[in-house]
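For reference, the chains in residue letters:
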Amino acid sequence: QRRISRMLWQAAFSEHSYKYPIIGEEELLKELKREDLIQFYQTRYTPKNMILAITGDISSNEIISFTRDVFGDFNRQGISYVESVPEPKQWAIRQQEERFTSGLTYLLLGYHTVALTDQDCFALDTLGAILGQGKTSRLHKLIVDKKRLAYGISAINYTPRDPGLMIISLSLEESNKKRALALILKQIKNLQKKHVSEKELKKAQKQIISDILFQNQTVQAQARDLALNEAIAGDFNFTATYIKEIEGVTALDILKVANKYLKKENLTIV
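Worth saying up front: this structure is predicted, and the values here are computed from it rather than measured.

Glancing now at the packing of aromatic side chains. Under the criterion given, the structure shown has seven aromatic pairs. Seen in terms of ring centroids, tryptophan 9 and tyrosine 18 are 5.7 Å apart; in terms of plane orientation they differ by 85°. Their pairing is edge-to-face. Ring geometry for phenylalanine 238 against tyrosine 242: centres 6.2 Å apart, planes inclined by 50°, an arrangement best described as tilted. On the criterion of helical spacing, the pair formed by phenylalanine 238 and tyrosine 242 is a turn pair, its members being four residues apart in helix H10 (residues 238-247). Relative accessible area serves as the criterion here: at 9%, phenylalanine 238 is assigned to the buried category. One aromatic cluster is present, formed by Trp9, Phe13, Tyr18 and Tyr158 through successive ring pairs.

Spelled out as structure tokens, the structure:
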């Protein structure tokens, strides 16, 4: 699964740094010297580049005073931001296959979509839930339960800071690959032609929102959520905005993003 995930990002992205593994290439890691690590630490791990999120039973005045004491001796310095290289538009379907001895065949489909803060993100996230989040989703009921062509299937609109991918993932037998792929593409065609039902839409919205609320039950999780919101969306209160936007997604929004992003020329298959 790790191997095919890396294959997908390498195949789907030709210019953007998403094509590289997060931890880096082994050859480059081996070349690092102690001085490289010290320089990186000194230029990146500075108060100006930090987000401090504090939650719980606290006194704001005490926390502000404490924080000033802790960081007071640090030298204030700017950092040079690394601009990401925009990924050019994909004009044709991309396919990549790798064969080796394995118990199962793994299949990933990736459609280029948007960044987290893009207005289309909310409809795409809802579309991902309708397609393949949970055992009552369209793809699971069809591919796994009814046709028995795969052992498991899921879909998620993965949206980091820069535009990401709508990813459909399944594990299956090699002999079922072509039939499963054809049925997935047919389901996507259906979403591009016909509005989803109000019942299906509401179920997906409730599922997304309940997952968020469940993930943020602990005080520690709430602090993490605030910090990530600020780091990625530039708004510590983005989760509240996100929930409101998800609640406002319509069947027409789903139809529009399905036709805008889930196009054959925008697809990578590995």
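Having seen the model, we can carry on.
A few words on the pattern of salt bridges. Overall, the coordinates contain 10 salt bridges when judged by the stated rule. The closest approach of N and O atoms between arginine 6 and glutamate 25, which form a salt bridge, is 3.0 Å. Note that arginine 6 is positioned in helix H1 (residues 2-12) and glutamate 25 in the loop between H1 and helix H2 (26-31), a separation of 19 residues in sequence. On the accessibility criterion, arginine 6 (31% relative accessible area) is partly exposed. Here glutamate 97 makes a salt bridge to arginine 99, at a shortest N to O gap of 3.2 Å.

For the rest of this paragraph, the subject is helix H9 (residues 219-233). The end-to-end C-alpha distance of H9 is 21 Å, a good match for the 21 Å that 15 residues give at a rise of 1.5 Å each. Taken together, the buried positions of H9 are Ala221, Ala223, Asp225 and Asn229. Considering only its buried residues, H9 is in contact with helix H8 (198-215) and H10. Positive phi shows up at glycine 234, right after H9, with a value of about 75°.

Within the secondary structure, asparagine 216 sits in the loop between H8 and H9. Residue asparagine 216 is classed as buried on the basis of its relative accessible area, which comes to 19%. In this view, asparagine 216 contacts Ala221, Gln222, Asp225 and Thr239; residues no more than four positions away in its chain are not counted.

Rules used throughout
Residues numbered from 1 in each chain as written. Predicted model: local features only at pLDDT ≥ 70, side-chain atom pairs only at ≥ 80, totals over all residues. Heavy atoms only, no water. Phe/Tyr/Trp six-rings, centres within 6.5 Å; stacked < 30°, edge-to-face > 60°. Helix = DSSP H or I, 4+ residues; strand = E, 2+ residues; numbered from the N terminus. Buried < 20%, exposed > 50% of the residue type's maximum accessible area, 1.4 Å probe, protein only. Salt bridge = Lys/Arg side-chain N within 4 Å of Asp/Glu carboxyl O. Expected span 1.5 Å × (residues − 1). Contact = heavy atoms within 4.5 Å.

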